Amino acid sequence: MAKNANLGQAKAAKNDEFYTQYADIQKEVNAYIEYNPDVFRGKTILLPCDDPEWSNFTKFFAQNFEFFGLKKLISTSYAIESKKFKEGYMPSLFETESPQYDIDKTRTHGKIFILDYDANASGRIDIDDLQWKYLEGDGDFRSAEVTALCAEADFIITNPPFSLFREFLLWLLESKKLFLIIGSMNSITYKEVFPLIKNNQMWLGNGFAAGNAFFRVAGGTSADYADGVYDVSTGMVKFRNCCWFTNIDHGRRHQPMTLMTMADNLKFNKKLKGQTEYYHYDNFDAIEVPYTDLIPKDFDGIMGVPISFLEKYCPEQFEILGIDGGDMGVFYGVGAHLTKQECHDRFAEHRGFRRGKLCYRDCDHKLQMCYRRILIRKKQ
Ligand SMILES: C[S@@+](CC[C@H](N)C(=O)[O-])C[C@H]1O[C@@H](n2cnc3c(N)ncnc32)[C@H](O)[C@@H]1O
């Protein structure tokens, strides 16, 4: 099994060229269309960080322009000279054969691609009607030029540069638009992100097949990644902690999980082998639920669940109350009633203890620190 197969690897690789597969975009977007067939009707979509010559977002939306009833599609690309990874760049024939091709600008300027009418008079609006020109700058999403495009967009959709994810998210939230983006599941612990998840202003999308996201990479070798992440034969990397973040509604999030009672879990679930009860935290009034499928359907108190719970989260079934870990954990109540000294006196026996982090004593009375937990409660 791959070690550390996550987006942290992508950051370490100092390479943002991870291209999303067409089938993954299709699977995700179809979830919104199934829930609301008119979700994109009459709307404008902005795809920043996207180059239709190399990536699939523009292709997908251009090909479905009429089917979705789109009003306008805008994508912007980032200049090769500004990218971290520049090796082997060649302008495409699409660019070099266009009258506006500029041998200097091709390396230093971003491009804007617009689709909003049947430019070639073929009788339908599709990818062949894309019009393009060079941007004034390099296409950085943070530039005034690209930021101004948010104003006319209803949706902002992309797989942003992993190395700038936090910055991208803040930029995106500033726009107050509907969005659909790919990111690391770990980012839900960011102080800017968690309150949005808690308040149901942002949630996880439908998700990648079996939780595995495959991306085509530009350049790189298996030595750049942990074992099993990069497949030389396909030129793809596999990440397991990737998810879609969105504020667009879809059906999966309204499907409640099928769960068992506490007694049945303790009796039948092998993951609780040797336990006669669920552990109660030592520093918070809640029980430890180490796997999402162990959530007891008949427990009315607060439960600490893994972050991956969000993949199954249904707001009609549970409410999210908080998160543990660090200052944010303290802010959301975990251990806030204990002073630093009290924490030290009670938990110093475990080197990993931090104020705000959840812990419990196991059957042998040994102090155990939990992985990051989200605090939830069943909706009545
Ligand atoms: C993870 S890749 C995804 C590409 C494409 N959207 C896809 O999903 O196939 C992120 C892209 O953003 C570009 N990028 C990096 N920094 C950027 C910036 N500051 N502004 C705009 N794009 C940037 C990278 O060069 C890369 O092509």
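Treat the numbers as computed from the prediction; the structure is a model and nothing was measured.

The subject of this paragraph is the overall build of the protein. Scanning the protein for helices and strands turns up twelve helices and 18 strands. For the protein, the spread of C-alpha atoms along the three principal axes comes to 75 × 45 × 40 Å. Split into buried and exposed, the 380 residues of the protein put 36% on the buried side. Long-range pairs, those at least 24 residues apart, make up 69% of the contacts in the protein with a sequence separation of at least 6.

As a general feature of sheets, a regular strand has side chains that alternate between the two faces. In this sheet, strand β18 (residues 373-378) lies alongside strand β14 (residues 302-306) in antiparallel orientation, the contact comprising five bridges. Bridged to P306 within β18 is R373. The pairing of strand β15 (residues 318-323) with β18 spans five bridges and is antiparallel. Across the sheet, G322 pairs through a bridge with L375, a residue of β18.

According to the domain assignment, the protein contains domain 1 (7-254) and domain 2 (262-378). Contacts between domain 1 and domain 2 engage 13 residues on the former and twelve residues on the latter. Elements with a contribution of two residues or more to the side of domain 1 that touches domain 2: α9 (194-198) and β8 (203-204). With three residues, α9 is the largest single contributor of residues to the side of domain 1 that touches domain 2. Tallied by class, residues from the side of domain 1 that touches domain 2 come to six nonpolar, four polar and three charged.

Below, the discussion takes up the sheet that holds strand β1 (residues 18-20). By definition, the strands of a sheet pair up through backbone hydrogen bonds, in either a parallel or an antiparallel sense. The strand order across the open sheet formed by four strands is β1-β9-β11-β10, and the pairing between neighbours is antiparallel. Pairing within the sheet leaves two strands with one partner each, and these edge strands are β1 and β10 (230-231).

To continue, consider the nonpolar core. Ranked by size, the top nonpolar core spans 84 residues in total, and within it I45, F61, L73, I157, V237 and I376 carry the most contacts. The two domains that each donate at least three residues to this core are domain 1 (7-254) and domain 2 (262-378). With sequence-adjacent residues up to four places away left out, I157 is seen in contact with I45, L47, F57, F179, L180 and I181.

With that settled, the discussion passes to the site of the ligand. The environment of the ligand is made up of 21 residues, and the closest members are T20, S55, Y78, N159 and P161. In terms of residues, the shell around the ligand owes the most to one element, β1, which gives three residues. Along the lines of polarity and charge, the residues of the shell around the ligand split into ten nonpolar, six polar and five charged.

Here we come to the sheet that holds β15. The sheet built from four strands is open, its strands ordered β13-β14-β18-β15 with mixed pairing. Unpaired on one side and paired on the other, β13 (287-288) and β15 mark the two borders of the sheet. Where β13 lies against β14, two bridges are found, and the strand directions are parallel. By the bridge assignment, E288 is partnered in β14 with G304.

Alternating residues of strand β4 (residues 111-115) divide into K111, F113 and L115, all buried, and I112 and I114, none buried. Here five bridges tie strand β3 (residues 72-77) to β4, and the two strands are oriented antiparallel to one another. The partner of S77 across the bridge, within β4, is K111. Direction of pairing for β4 relative to strand β5 (residues 131-134): antiparallel, over a ladder of four bridges. Following the sheet pairing, I112 is matched in β5 by K133.

Inspection of the secondary structure puts F268 in helix α10 (residues 262-268). For F268, a count of 9 C-beta atoms within 10 Å corresponds to the exposed category. For the pair F268 and M236, spaced 32 residues apart in sequence, the C-alpha to C-alpha distance is 40 Å.

Time to look at the packing of helix α2 (residues 22-35) against helix α3 (residues 56-63). It is at 9 Å that the axes of α2 and α3 come closest, and there the two elements cross at 50°. Compared by their axis directions, α2 and α3 come out oblique. The hand of the α2/α3 crossing is right-handed. Between α2 and α3, the contacting residues are Y22, I25 and Q26 on the first element and N56, F57, K59 and F60 on the second. Residue classes in the contact of α2 with α3 are distributed as four nonpolar, two polar and one charged.

What is expected of a backbone is that most residues other than glycine have negative phi and most peptide bonds are trans. In this model, N200 sits at a positive phi of 55°, which is unusual for a non-glycine residue. Note on placement: N200 falls in the loop between α9 and β8. For N200, a count of 13 C-beta atoms within 10 Å puts it in the partly exposed group. Residues other than glycine seldom take positive phi values, yet H365 does so here, at roughly 65°. Counting through the fold element by element, H365 comes out in the loop between β16 (359-361) and β17 (367-369).

This part takes up α3. Burial of α3 is extensive: six of the eight residues sit out of reach of the surface. If you check which residues of α3 are buried, you get N56, F57, T58, F60, F61 and A62.

Turning our eyes to something else, we now look at the environment of K198. Position of K198 relative to the elements: it lies in helix α9. Taking the C-alpha atoms as reference points, K198 and L321, separated by 123 residues in sequence, lie 6.8 Å from one another.

Each value, and the rule that gives it
- Residues numbered from 1 in each chain as written.
- Predicted model: local features only at pLDDT ≥ 70, side-chain atom pairs only at ≥ 80, totals over all residues.
- Helix = DSSP H or I, 4+ residues; strand = E, 2+ residues; numbered from the N terminus.
- Buried ≥ 20, exposed ≤ 12 C-beta atoms within 10 Å, placed from the backbone.
- Contact = placed C-beta atoms within 7 Å.
- Pairing = 2+ DSSP bridges.
- Domains from an automatic or database assignment.
- Nonpolar A, V, L, I, M, F, W, Y, C, P; charged D, E, K, R; others polar.
- Core = buried A, V, L, I, M, F, W, Y, C linked by C-beta atoms within 7 Å.
- Near = placed C-beta within 6 Å.
- Axes fitted to C-alpha atoms, helices over the stretch in contact; angles between N-to-C directions.
- Parallel < 35°, antiparallel > 145°, perpendicular 65-115°, else oblique.
- Left-handed = near helix turned anticlockwise from the far one by under 90°.

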